[in-house]
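Chains, contacts and geometry: an overview
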Protein chains: 2
Amino acid sequence: MTVDALVEATARILVREGFDKASTNHIADVAGVSVGSLYQYFPGKEALVAAVIERHQQEIMKTVRGELAEVSSQPVETAVRKMIVAAIKAHRVNPKLHRVLAEQIPRVGKLKDVEIFSRQNFILFRTYLESRLDELRVDDLELASFVCVTTIEALTHNAVLHETEVLSDKTMEALVNAGTRLVTGYLMS
Amino acid sequence: MTVDALVEATARILVREGFDKASTNHIADVAGVSVGSLYQYFPGKEALVAAVIERHQQEIMKTVRGELAEVSSQPVETAVRKMIVAAIKAHRVNPKLHRVLAEQIPRVGKLKDVEIFSRQNFILFRTYLESRLDELRVDDLELASFVCVTTIEALTHNAVLHETEVLSDKTMEALVNAGTRLVTGYLMS
DNA sequence: GCAGAATATGAGCGATCATTCGCTTTTGAT
DNA sequence: ATCAAAAGCGAATGATCGCTCATATTCTGC
């Protein structure tokens, strides 16, 4: 389909050539369609990038959803470990694209959507903490959720995108252990 | 001086109107000089943004340097707490500019410089940990430094830039406490 | 086979931008 | 007062971009 080709071409250009090279003409060219067709399906360049973001987020969610299904009924340490593993997998769906989007999203109107996206993580995590309140030593759930979600996101984001490009299984395991110890230690003192 | 006016104008535009509006003509206009003069002192737009970045980083360093002077001789908990406070102050030097720069730096060639900048933090922190090895329960210094630096940076960055715009003194104190507990707990088990 | 609808095309328009260069003004040493 | 160098100026250039629209092609139900 023309639409898919356009979204795919946009994603490819974002990854391989950067945001600045993602002109409508170039996107249409790479997609193998004409600019005219592009504007038949998308109101403008912004909408195309938004579509890429949405597709990427849904791919991430598909990858992660099952991973976190049983978590709600599990003890804190198990749950946290699984969350970190899930977060790493999420970042690995398409690391390069993830990076470009993270960097360029502020420029697109989609900023709100992404904040809602991370807000979802926040609420999900706080809900889990509420259900496990008896295991925890926290007095401010809001603050604790903020600290944990921020920490896990930053740790996995930096690990996948900046540190040693090829995250070996061994270092990866060490990272998961460290993150788990960090967060559970904080939650359960 | 013309140079200062240009750098200041660039910073103002970045904060008030965003990266896209920072055209050379507009910068010169706001600075009260002509485009010609702009190109007399800067090889191009990129160099101007780079100058803004450099100035901002130096302001941050000036604010933080003293803050972290005695840290190396202090116990882990005190040191970590001071580092977090310093990180928050650093982010508060010019939050709006800090945000724009963090978002737009990838687009400028200055990416390398910023990575070196955070690499400095990393090395500084690892050096401190080395000197306090006896107090710690860590087997991988490299990993522990990565975890701590990433965590502190993300926590303060998100707190200052995203959460509740007006970070009251009370929530701010709670955040510092939480961060300190998080990191020291991890380091000292 | 046909007509009309849906889809696709791409040259071109207007706007914007970074950058240049011939010119003018200011400065400061003599 | 003189004048050369330094600093400043801004209209003009050429390139790029997002986007439009008149035209061409393909599809669909009959």
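Structural data are supplied above this passage.
This structure is a prediction, so every number in the text was calculated from the model and none was measured.

**Describing the overall build of chain A**
The number of helices and strands found in chain A is nine helices and zero strands. When its helices and strands are written in sequence order, chain A yields α-α-α-α-α-α-α-α-α. Overall, the C-alpha framework of chain A stretches about 60 × 30 × 25 Å when taken along its three principal axes. Residue pairs in contact within chain A that sit at least 24 positions apart in sequence constitute 67% of those at least 6 positions apart.

**So, the relation of the copies chain A and chain B**
For the pair chain A and chain B, the relating rotation is 180°, the translation along its axis is 0.1 Å, and the fit reaches an RMSD of 0.1 Å. This pairing of chains is accounted for by a two-fold axis. Interface overlap between copies is the fraction of interface residues in one copy that are interface residues in the other; for chain A against chain B it reaches 95%, indicating a shared surface.

**Re the interface of chain A and chain B**
Think of interface size as the accessible area that goes away when the parts come together; that is how it is often given. With 20 residues of chain A in contact, the opposing surface of chain B contributes 20 residues. It is helix 8 (residues 141-161) of chain A that provides the largest number of residues to the side of chain A that touches chain B, a total of eight residues. In terms of residue class, the side of chain A that touches chain B is made up of 11 nonpolar, four polar and five charged.

**Comments concerning the protein's contact with DNA strand D**
Near DNA strand D, the surroundings consist of 15 residues, among which Ser23, Gly36 and Gly44 of chain A together with Val33 and Gly36 of chain B are the closest. Mapped onto the surface near DNA strand D, the elements with two or more residues apiece are helix 2 (24-31) and helix 3 (35-41) of chain A together with helix 3 (35-41) of chain B. Here the surface near DNA strand D takes four residues from helix 3 of chain B, the largest share from any one element. The class makeup of the residues in the surface near DNA strand D is four nonpolar, 10 polar and one charged.

**Comments concerning the packing of helix 1 (residues 2-16) of chain A against helix 2 of chain A**
All names here are of chain A. Following both chains from N to C, one finds helix 1 and helix 2 inclined at 115°, their axes separated by 8 Å at the closest point. One finds that helix 1 runs roughly perpendicular with respect to helix 2. Considering only the axes of helix 1 and helix 2, their crossing is right-handed. Residues Ala5, Leu6, Ala9, Thr10, Arg12 and Ile13 of helix 1 touch helix 2, and the partners they reach there are His26, Ile27, Val30 and Ala31. Among the residues forming the contact of helix 1 with helix 2, the class breakdown is seven nonpolar, two polar and one charged.

**Some thoughts on helix 5 (residues 76-92) of chain A**
In a regular helix each residue adds 1.5 Å, so 17 residues correspond to 24 Å; helix 5 of chain A covers 24 Å between its end C-alpha atoms and thus fits that length. Of the residues making up helix 5 of chain A, those classed as buried are Ala79, Val80, Met83, Ile84, Ala86, Ala87, Ile88, Ala90 and His91 of chain A.

**Thoughts on the protein's contact with DNA strand C**
Close contacts around DNA strand C come from 15 residues, with Val33, Ser34 and Gly36 of chain A together with Ser23 and Gly44 of chain B the closest. For the surface near DNA strand C, the secondary structure elements donating two or more residues are helix 3 of chain A together with helix 2 (24-31) and helix 3 of chain B. When residues of the surface near DNA strand C are assigned to their parent elements, the largest contribution, four residues, is made by helix 3 of chain A. Broken down by class, the residue content of the surface near DNA strand C amounts to four nonpolar, 10 polar and one charged.

**Overview of the nonpolar core**
One finds Val147 and Ile152 of chain A together with Val147 and Ile152 of chain B to be the most contacted residues of the largest nonpolar core, which totals 56 residues. Every element with two or more residues in this core is listed here: helix 5, helix 7 (111-131), helix 8 and helix 9 (169-188) of chain A together with helix 5 (76-92), helix 7 (111-131), helix 8 (141-161) and helix 9 (169-188) of chain B. Not counting chain neighbours up to four residues away, the residues in contact with Ile152 of chain A comprise Met83, Ile84, Ala87, Gly179 and Val183 of chain A.

**A short note on the environment of Lys96 of chain B**
Tracing the sequence through the fold places Lys96 of chain B in helix 6 (residues 95-104). Sequence separation between Lys96 of chain B and Ala144 of chain B is 48 residues, and the spatial gap between their C-alpha atoms is 30 Å.

**Focus: unusual backbone geometry**
With a phi close to 45°, Ser189 of chain A is a non-glycine residue in the positive phi region. Structurally, Ser189 of chain A can be placed in the segment after helix 9.

**A short note on the environment of Thr2 of chain A**
Residue and element names in this part refer to chain A. Tracing the backbone through its elements, the reader meets Thr2 in helix 1. Judged by the 15 C-beta atoms lying within 10 Å of it, Thr2 falls in the partly exposed class. Put simply, Thr2 and Tyr41 are 39 residues apart on the chain and 8.5 Å apart in space, counted from C-alpha to C-alpha. When residues no more than four places from it in sequence are discounted, the contact partners of Thr2 are Val33, Ser37 and Tyr41.

**Side note on helix 2 of chain B**
For an α-helix, the turn length of 3.6 residues means that residues three or four places apart are oriented alike. Residues and elements named next belong to chain B. Within the span of helix 2, buried status applies to Ile27, Ala28 and Ala31. Taken end-on, helix 2 shows its buried residues confined to a sector of 95°, consistent with a single buried face. Against the buried residues of helix 2 lie helix 1 (2-16), helix 3 and helix 4 (45-65). Immediately downstream of helix 2, the backbone of Gly32 shows phi near 75°, a positive value.

**Overview of the environment of Asn94 of chain A**
Examined against the element boundaries, Asn94 of chain A turns out to sit in the loop between helix 5 and helix 6 (95-104). Taking the C-alpha atoms as reference, Asn94 of chain A lies 28 Å from Tyr128 of chain A; in sequence the two are 34 residues apart.

Rules used in this analysis
- For every chain, the first residue of the written sequence is number 1, and numbering continues from 1 along that sequence.
- Naming scheme: in the order in which they are written, chains are lettered from A and ligands are numbered from 1.
- Local features in this predicted model are restricted to residues whose pLDDT is 70 or higher, and side-chain atom pairs enter the listing and the counts only when it is 80 or higher, whereas totals over whole chains, interfaces and linings include all residues.
- For helices the rule is a DSSP run of H or I covering at least 4 residues; for strands it is a run of E covering at least 2, with both sets numbered from the N terminus onward.
- By the criterion used throughout, residues are in contact when their C-beta atoms, derived from the backbone, lie within 7 Å.
- To line up the copies, we fit them by least squares on C-alpha atoms, keeping just the residues with pLDDT of at least 70 in both.
- Only Asp, Glu, Lys and Arg are considered charged in this grouping, and only Ala, Val, Leu, Ile, Met, Phe, Trp, Tyr, Cys and Pro are considered nonpolar; every other residue, Gly among them, is considered polar.
- Any residue whose C-beta atom, as set from the backbone, lies within 6 Å of a molecule or strand is reported as near that molecule or strand.
- The angle between two axes is taken between their N-to-C directions and runs from 0 to 180 degrees, where each axis is a line fitted to C-alpha atoms and a helix contributes only its stretch in contact.
- By definition in this entry, angles of less than 35 degrees are roughly parallel, angles greater than 145 are roughly antiparallel, angles of 65 to 115 are roughly perpendicular, and the rest are oblique.
- Working rule for handedness: look at the near helix, and if it is turned counterclockwise from the far one by less than a right angle, call the crossing left-handed; if clockwise, right-handed.
- For a helix, the expected span equals 1.5 Å multiplied by the residue count minus one.
- Residues with at least 20 other C-beta atoms within 10 Å of their own are called buried, those with 12 or fewer are called exposed, and the rest are partly exposed. The C-beta atoms themselves are positioned from the backbone.
- Note on terminology: a nonpolar core is any set of buried Ala, Val, Leu, Ile, Met, Phe, Trp, Tyr and Cys residues joined through C-beta atoms within 7 Å.
- The reported arc concerns the directions from the helix axis to the C-beta atoms and nothing else.

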